[in-house]
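# Observations on the model geometry
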Amino acid sequence: MLRQASRLLARRPRLAARTRPFSTDLPAADQTADATFTEAWSKVIPNLDPPKTPLSFMQPRPPTPSSIPSKLTVNFVLPYASALATKEVDMVIVPATTGQMGVLPGHVATIAELKPGVLSVHEGNEVTKYFVSSGFVFIHANSFADVIAVEAVPLDQLDANLVQKGLAEFTSKLSSATTDLEKAEAQIGIDVHSALNSALTG
């Protein structure tokens, strides 16, 4: 058993040396794959139009520029709407679970999970702030950033009185909770309303 463990540990550096490239480092998908599929489909089922593949809905990925661009292109989407679509901005600050993260043009390719907090979009002297509940941010090497949030609302549309009321309600629910599920739901409510309160007061 110990001999096997030492052999596995000895192999570890070689495995670590092989690094996986980010998706933005990979070449864009070849459209000939769709053409090959369509041709094969026509031979088997000539009377029926071939189904659309994911490639037919995707735009070609912009290439990674040789120099750092002056603007960051941001897509900010929710399950039911698109808040920003290919918007060129100077910077975005996202509430990552590891802390506030500023994203500028030329940022290294990164994926980060979002926690309840304020997303700031900086464009010149203008700053637009949104409160996001959770989600992910995908930062690409070509100075594109995709922010996907479960829920978001402009900060100026939040009602401070309702936030305080909600915080008091969930605090009360936590103190009276008897099951683990009730405690977890109440704690989530407290975390979100605390973040809302901090966004409004800070």
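Up top you'll find the structure we're talking about.
Residues numbered from 1 in each chain as written. Predicted model: local features only at pLDDT ≥ 70, side-chain atom pairs only at ≥ 80, totals over all residues. Heavy atoms only, no water.

### Comments concerning the overall build of the protein
Counting its regular elements, the protein contains five helices and ten strands. Here the protein holds 202 residues, and the buried ones make up 27% of them. Considering only residue pairs separated by 6 or more positions, the protein has 50% of its internal contacts joining residues 24 or more positions apart. (Helix = DSSP H or I, 4+ residues; strand = E, 2+ residues; numbered from the N terminus. Buried < 20%, exposed > 50% of the residue type's maximum accessible area, 1.4 Å probe, protein only. Contact = heavy atoms within 4.5 Å.)

### Thoughts on the side chain of Thr73
In this fold, Thr73 is placed in strand E1 (residues 72-77). Ignoring sequence-local partners within four residues, the contact set of Thr73 consists of Thr86, Lys87, Glu88, Ser143, Phe144 and Ala145.

### Some words on the pairing of strand E7 (residues 126-132)
The pairing of strand E6 (residues 117-123) with E7 spans seven bridges and is antiparallel. Note that in E7 the partner of Val118 across the bridge is Phe131. Between the antiparallel neighbours E6 and E7 lie two residues, among them Gly124 with a positive phi of about 65 degrees. Here E7 pairs with strand E10 (residues 152-154) via three bridges, running antiparallel. Looking at the pairing, Phe131 lines up with Val153 of E10. (Pairing = 2+ DSSP bridges.)

### Focus: unusual backbone geometry
Even without being glycine, Thr86 reaches a positive phi, approximately 45 degrees. Mapped onto the elements, Thr86 comes out in strand E2 (residues 82-89).

### Overview of the nonpolar core
Nonpolar side chains tend to gather and get buried jointly when the protein is soluble and globular. Counting residues in hydrophobic clusters, the biggest one holds 23 residues, and the most contacted among them are Leu72, Phe76, Val92, Val94, Met101, Leu119 and Val137. Setting aside residues up to four positions removed in sequence, Met101 forms contacts with Val92, Ile93, Val94, Ala96, Ala112, Val137 and Ile139. Listed in part, the seven residues of the second largest apolar core include Val118, Phe131, Val163 and Ala199. (Core = buried A, V, L, I, M, F, W, Y, C linked by side-chain atoms within 4.5 Å.)

### Structural notes on the pairing of E6
Burial within E6 is extensive, with six of its seven residues counted as buried. Where strand E3 (residues 91-96) and E6 come together, three bridges link them in antiparallel fashion. Pairing of Ile93 across the sheet is with Ser120, part of E6.

### Quick word on helix H4 (residues 160-176)
Each turn of an α-helix holds 3.6 residues, which means side chains three or four residues apart point in the same direction. In this model H4 runs 25 Å from its N-terminal to its C-terminal C-alpha over 17 residues, within 8% of the 24 Å that 1.5 Å per residue would give. For H4, the complete set of buried residues consists of Val163, Gly166 and Leu167. Angularly, the buried residues of H4 cover 100 degrees about the axis, an arc narrow enough to put them on a single face. In H4, those exposed residues whose orientation departs by more than 90 degrees from the buried face are Asn161, Leu162, Lys165, Ser175 and Ser176. For H4, the secondary structure elements touched by its buried residues are helix H5 (180-201). The opening residue of H4, the one whose side-chain oxygen lies 2.9 Å from the backbone nitrogen of Asn161, is Asp159. (Expected span 1.5 Å × (residues − 1). Arc of directions from axis to C-beta. Polar contact = N/O pair within 3.5 Å; in protein donor to acceptor, adjacent residues only side chain to side chain.)

### Let's talk about the side chain of Ser120
Its location among the elements puts Ser120 in strand E6. Residues within four places of Ser120 in sequence aside, it is in contact with Met91, Val92, Ile93, Val127, Thr128 and Lys129.

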